[in-house]
Structures are given as C-alpha cells and as structure tokens.
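Architecture and fold: a report
Letter by letter, the chains look like this.
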Amino acid sequence: MSSDVRLSSVLHLLLHMADAPTPMTSEAMAKAMGSNPVVARRTFAGLREAGIVRSTKGPGGGWALARRPEDVTLRMLYEAIGAPRLFAFGNRSDHPSCLVEQAVNAELDDARQQAEAVLLARMEAVTLASLSKDFDARLVAIGMKRSDIRHA
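Let us look at the structure shown here. Note that the coordinates shown come from a computational prediction; the quantities given were computed from them, not determined experimentally. All residue numbers refer to positions counted from 1 along the written sequence of the respective chain. Only residues with pLDDT of at least 70 get local features here, since the model is predicted, and only at 80 or more are side-chain atom pairs given and counted; chain-wide, interface and lining totals rely on the full set of residues. The side-chain numbers reported here are obtained from all heavy atoms of the structure, hydrogens and water having been left aside.

As for the pattern of salt bridges
As a reminder, the rule being used: Basic side-chain nitrogens of Lys or Arg form a salt bridge, by our definition, when they fall within 4 Å of a carboxyl oxygen of Asp or Glu. Only protein chains enter the area calculation, which uses a 1.4 Å probe; residues under 20% of their type maximum are buried, those over 50% are exposed, and those in between are partly exposed.
Scanning the entire structure with this criterion turns up nine salt bridges. The partner of Asp 4 in a salt bridge is Arg 6, and the shortest N-O contact between them spans 2.7 Å. Since its relative accessible area comes to 32%, Arg 6 is described here as partly exposed. Arg 92 is paired through a salt bridge with Asp 94; the nearest N and O atoms lie 2.5 Å apart.

Below you can see the structure in the form of structure tokens.
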C-alpha cells in the first residue's frame, strides 16, 4: 500500500511560499510536487477554503499564504486536505456476532483512537513557523543560508 504524501507535499510548498516574494504559480507548485498543475490546484483548494492560502488569477497571480506561519498548524493542514486516514490497519467484520472478533475489534478501536488523539495533539503543536525554524537550524549546521538554496 502506498503512503499518502499530500501533507508532506503541502508542508514543503508552504515553507517555500512563506519565503516567496511573489505568489507561487500552480505550475511551479506542480513541478515541486512532481505532479501537474491540476493536482496542485485541487490539493490547495481545501487550504484556500480553510483560509490558509489565497489564490489570485492573471499575470502575477498564483498562490500565497493567507495566514502567518505561526498561526498555521499541521493539524489545520491535515484537516484542510480532507483528514486522510492516519493508520492503515482496520477491523475484520466478517462475523459480527463472533465474540473473539468483537473483543479484537474493541481493543484495536481503542488503541487506534488513543494513537490518533496523541498524533493529532502533536500536529496541533507544530506550526509552519516551528518547521521553518528547524529548517534554518539545519542550514546553519551545514554552513548554508536560505539564499544559497535553489529549489523547484
């Protein structure tokens, strides 16, 4: 089963947008995502509806942050892309009257709900600003600065 990388892609692009002096075009976003402009626009539509980004049409148009990086959490972004399933494992439901199946499903449900609560709380605590700070520290550690980065 393949992983859903939309959140990672969105975070990557938003960190670039936070530094960009002009809006980022769908074409530039698609290139950075390894996708196409339609997929980029579709992916960012939920972020626009959530008020995280804004888009403008025409020459000089594109996508830009609508909020300060300090105000954008991973959880907000996760929800804006449709809150994809966090864990791949599920329950069997072949024999709902089977007491073993009921016991197993109850424990798996409980474990999954607890794990999701922990993950969502952690996602609430991480902002674009904190990711940007981490990125800057990594650059300093290797003797670089943002202006040295050339990235699609």
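Focus: a nonpolar patch on the surface
Our working rule: Only residues whose relative accessible area exceeds 30% and that form no salt bridge are eligible for patches; like-charged ones are grouped when within 9 Å, while nonpolar side chains (Val, Leu, Ile, Met, Phe, Trp, Tyr) are grouped when within 5 Å. Only the protein chains shown count as cover for residues, and the accessible areas themselves come from Shrake-Rupley with a 1.4 Å probe. Put simply, DSSP H or I for four residues or longer makes a helix, DSSP E for two residues or longer makes a strand, and each gets a number counted from the N terminus.
On the surface, Phe 89, Val 100, Val 104 and Leu 108 cluster together into a nonpolar patch covering about 320 Å² of accessible area. When you line up the elements, Val 104 lands in helix 5 (residues 99–125).

A word on helix 2 (residues 26–33)
Our working rule: Here the arc refers to the directions that run from the helix axis out to each C-beta atom. Residue contacts follow a heavy-atom distance rule, with two residues in contact if any of their heavy atoms lie within 4.5 Å.
Along helix 2, the positions that sit buried rather than exposed are Ser 26, Met 29 and Ala 30. Considered in projection along helix 2, the buried side chains sweep an arc of 100° and stay on one side of the axis. In this fold, the buried residues of helix 2 make contact with helix 1 (6–19), helix 3 (37–49) and strand 2 (62–65).

Side note on the packing of helix 1 against helix 2
Definition in use: For helices, the axis comes from a line fit to the C-alpha atoms of the stretch in contact; other axes are also lines fit to C-alpha atoms, and the angle between any two N-to-C directions lies between 0 and 180 degrees. Each angle is binned into one of four classes, with values under 35 degrees roughly parallel, values over 145 roughly antiparallel, values of 65 to 115 roughly perpendicular, and all other values oblique. Two helices that cross are described as forming a left-handed crossing if the nearer one is turned anticlockwise from the farther one by less than a right angle, and a right-handed crossing if clockwise.
Orientation of helix 1 relative to helix 2, taken along the N-to-C sense of each, is 130°, at an axis distance of 10 Å. It follows that helix 1 is oblique to helix 2 by the angle criterion. In the crossing of helix 1 with helix 2, the sense of the turn from one axis to the other is right-handed. Taking contact as the criterion, the partners of Ser 9, Leu 13 and Met 17 in helix 1 are, on helix 2, Met 29, Ala 32 and Met 33.

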